[in-house]
Amino acid sequence: MEQRGDGGSGSRTNAQQTKKVRRTMGHTVQVAVATLNQWAMDFQGNLERILLSINIAAANGATYRTGPELEVSGYSCEDHFHEPDTYLHCWEAVVELVQAPITQGMLIDVGMPVQHRNVAYNCRVAFYNGRIVLIRPKMIMCDDGNYRETRWFSPWTKERQTEDYQLPRFVALSLGQETVPIGDAVIATLDTCLGYEICEELWNPRSKHIDMSLAGVEIIVNGSGSYMQLRKAHITTDLIRNASYKAGGAYLFSNLRGCDGQRVYFNGCSAVALNGAIIARGRQFALSEVDVTVASFDLQDIRAYRGALRSRSSLAASAPNYPRIQLQLELASSDRDHPGTPASSPLGEWVYHRPEEEIALGPACWLWDYLRRSGQGGFFLPLSGGVDSSSTAIIVYSMCRLVVEAIEQGDRQVRDDCRKILADPEYLPTSASELCGRLLFTCYMGTENSSRETRDRAATLAG
């Protein structure tokens, strides 16, 4: 007997199934951006901090986690990026990440160097459920300020093209996967589409998020290694906010924190923006090694926002496509699994540190990282009674204040580092002044031209 498709029982069954799917599908995506204090060439420590950030993301119900630039190796490896062992150890860490039970069921990407056909690239490596799904190389290098990226990496120049990357043999055997796409592509899930910028690509006049958004990418992700400069937080925040305002969609910005061996200090400020508003942000200055910022947003808000921008829709209708990596995954949680998951509301005005606060906090955080990683027991400061030495002493005191605050808030890593530096396994500081007295050593470096007043000022400061 022929079954009719215009009102028969089969048609009713299909309609019922469609309604059931619609009831269980959600639109709210929970994402996590990690701020990590990584060390150059500390592959095991970096791996542990990445795993901790994934644990925190999972505990908060995130279905997607991203992290900062070159988080697996550390950003400041410099000429170690010319050494094959650096790439080997990065892949060893990735195998552990991909196979870790905590990473299953979550879309994750990490930053690391990758060599493809004897060319070194600065990449994002995305994986899901035990399989690497995409390697996205950085397309615009940074060579100004303290950056010298083209000394170690080349830009990916093949726009909207991918190639097969042959995984290292031990990786292929461990994961049961021979190749993975590498290149300028995006990841399409069952409910949305995600694409990447890497650090400088946000600052560049031809930012990639515009083209990706016109091609239907709703979530733009940026893993960054942006270091501290006075008032730079203003610029970064405006760029993130404006990217999501002009293009529509969600913009996820994840940044490094700390001093990983160079003169620069990476200052965090990880954030999530949606349609021109910041909906979540991380701290700018802190001593914690792992901070995870979680945000939720409704995919329908992105679509409604973009649909109202008629000039954008006209451009998008003729925009060229990106290669899409298809994943059988819903980033949005279903109403059944997480009923009533609220979307994050726009934050109020971003409260920036004053320049004086940035000067006190940024160098203080850098000094703490330098001290705990150098293996030394404190600082020695020659005092002249002048502005230079006095300012340095005040910054050391600011560092001590941050250390005491972190310990009082329960940061065990800071507590353990403090005890290790002072070789006292039971030590707990009672105040910033007391800790400064144990970490800062001074002497008076006067000359025949120094006055008694100068000596008195140095003595007062030392006291």
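Residues numbered from 1 in each chain as written. Predicted model: local features only at pLDDT ≥ 70, side-chain atom pairs only at ≥ 80, totals over all residues. Heavy atoms only, no water.

Engineer: Tell me about the side chain of R373, and name the residues and values.
Structural biologist: Structurally, R373 is set in helix α10 (residues 355-374). Buried and unpaired, R373 has D369 as its nearest opposite-charge partner, separated by 4.1 Å. A distance of 2.6 Å separates a polar side-chain atom of R373 from the backbone oxygen of C259. Discounting chain neighbours no more than four positions away, the residues touching R373 are N37, Q38, W39, C259 and D260. (Helix = DSSP H or I, 4+ residues; strand = E, 2+ residues; numbered from the N terminus. Buried < 20%, exposed > 50% of the residue type's maximum accessible area, 1.4 Å probe, protein only. Lys, Arg positive; Asp, Glu negative; His and termini not counted. Salt bridge = Lys/Arg side-chain N within 4 Å of Asp/Glu carboxyl O. Polar contact = N/O pair within 3.5 Å; in protein donor to acceptor, adjacent residues only side chain to side chain. Contact = heavy atoms within 4.5 Å.)

Engineer: Would you mind going over the packing of α10 against helix α12 (residues 412-422) in detail, with residue names and values included?
Structural biologist: Between α10 and α12, the shortest axis-to-axis distance is 10 Å and the interhelical angle comes to 55°. Between α10 and α12, the angle is such that the two are oblique. When the axes of α10 and α12 are compared, the crossing they make is left-handed. Of the residues in α12, those in contact with W368, L371 and R372 of α10 are Q413, V414, D417, C418 and I421. (Axes fitted to C-alpha atoms, helices over the stretch in contact; angles between N-to-C directions. Parallel < 35°, antiparallel > 145°, perpendicular 65-115°, else oblique. Left-handed = near helix turned anticlockwise from the far one by under 90°.)

Engineer: Please give an account of the packing of aromatic side chains that cites residues and values.
Structural biologist: Under the defined criterion, the tally for this structure stands at ten aromatic pairs. Note on W91 and Y165: the rings are 5.8 Å apart at their centroids and 20° apart in plane angle, and the pair reads as stacked. With W91 in helix α3 (residues 84-99) and Y165 in strand β6 (residues 162-166), the pair connects residues that are 74 residues apart, well separated along the chain. Relative accessible area serves as the criterion here: at 3%, W91 is assigned to the buried category. Judged by relative accessible area, which is 5%, Y165 ranks as buried. Through a chain of ring-to-ring contacts, three or more aromatic side chains come together here, namely Y75, Y147, Y227 and F266. The cationic tip of R160 hangs over the ring face of Y322; the distance from NZ or CZ to the ring centre is 4.6 Å. (Phe/Tyr/Trp six-rings, centres within 6.5 Å; stacked < 30°, edge-to-face > 60°. Lys NZ or Arg CZ within 6 Å of the ring centre and 35° of its normal.)

Engineer: With reference to specific residues and values, describe a negative patch on the surface.
Structural biologist: Residues E83, D85, E92 and E96 make up a contiguous surface patch of negative charge. Locating E96 in the fold gives a position in helix α3. Judged by its relative accessible area of 43%, E96 is partly exposed. (Patch = residues over 30% accessible without salt bridge, like charges linked within 9 Å, V, L, I, M, F, W, Y side chains within 5 Å. Areas by Shrake-Rupley, 256 points an atom, 1.4 Å probe, with all protein chains shown as cover. Charge placed at Lys NZ, Arg CZ, Asp CG, Glu CD.)

Engineer: Describe in detail the domain arrangement of the protein chain, supporting the description with residues and values.
Structural biologist: As a measure of interface size, the accessible area lost when the parts come together is often cited. For the protein chain, the assigned domains are domain 1 (28-326) and domain 2 (355-462). The gap between the C-alpha centroids of domain 1 and domain 2 is 36 Å. Counting residues at the interface gives 20 residues for domain 1, matched by 17 residues for domain 2. When the buried surface of domain 1 facing domain 2 is broken down by residue, C259, F285 and L287 rank first, second and third, together holding 40% of it. Our count for the domain 1 to domain 2 interface comes out at two salt bridges. Here domain 1 is connected to domain 2 by nine residue pairs in polar contact (both at pLDDT 80 or more). Residue composition of the side of domain 1 that touches domain 2, grouped by class: nine nonpolar, seven polar and four charged. (Domains from an automatic or database assignment. Buried area = accessible area lost by both parts, 1.4 Å probe. Nonpolar A, V, L, I, M, F, W, Y, C, P; charged D, E, K, R; others polar.)

Engineer: Go over the pairing of strand β15 (residues 277-281), please, and point to the residues and values.
Structural biologist: Among the five residues of β15, four are classified as buried, and the element is accordingly described as predominantly covered. Strand direction decides the pairing type here: strand β14 (residues 271-274) and β15, joined by four bridges, are antiparallel. Looking at β15, one finds that A273 is bridged to I278. Here β14 folds back onto β15 in antiparallel fashion, the turn holding two residues, of which N275 has a positive phi close to 50°. (Pairing = 2+ DSSP bridges.)

Engineer: An account of the packing of α12 against helix α13 (residues 432-439) is requested, with residue identities and associated values reported.
Structural biologist: The geometry of α12 relative to α13 is characterised by a closest axis approach of 11 Å and an angle of 40° between their N-to-C directions. Classified by the interaxial angle, the pair formed by α12 and α13 is oblique. In the packing of α12 onto α13, the handedness of the crossing is left-handed. Residues C418, I421 and L422 of α12 form the contact with α13, whose own contacting residues are L435, R438 and L439.

Engineer: How would you explain α13 if you had to name every residue and give the values?
Structural biologist: Among the residues of α13, A432, L435, C436 and L439 are the ones counted as buried. Along the long axis of α13, the arc covered by the buried residues comes to 100°, so they all point the same way. Here the buried face of α13 lies against α10, β18 (379-383), α11 (387-408), α12 and β19 (440-444). (Arc of directions from axis to C-beta.)

Engineer: An account of the pairing of strand β11 (residues 250-255) is needed here, citing residue identities and associated values.
Structural biologist: Among the six residues that make up β11, six are buried, leaving the element largely enclosed by the rest of the structure. Of the two faces of β11, the one holding A250, L252 and S254 and the one holding Y251, F253 and N255 are both buried throughout. Strand direction decides the pairing type here: strand β10 (residues 219-224) and β11, joined by six bridges, are parallel. Its bridge partner being in β11, V221 is matched across the sheet by L252. Running through helix α7 (residues 232-247), the crossover from β10 to the neighbouring parallel element β11 is right-handed. (Right-handed = clockwise from strand over helix to strand, strands pointing away.)

Engineer: Can you lay out the environment of Q284 for me, pointing to particular residues and giving the numbers?
Structural biologist: With respect to the helices and strands, the residue Q284 is situated in the loop between β15 and β16 (290-298). Spatially, the C-alpha atoms of Q284 and L461 are 29 Å apart, while their sequence positions differ by 177 residues.

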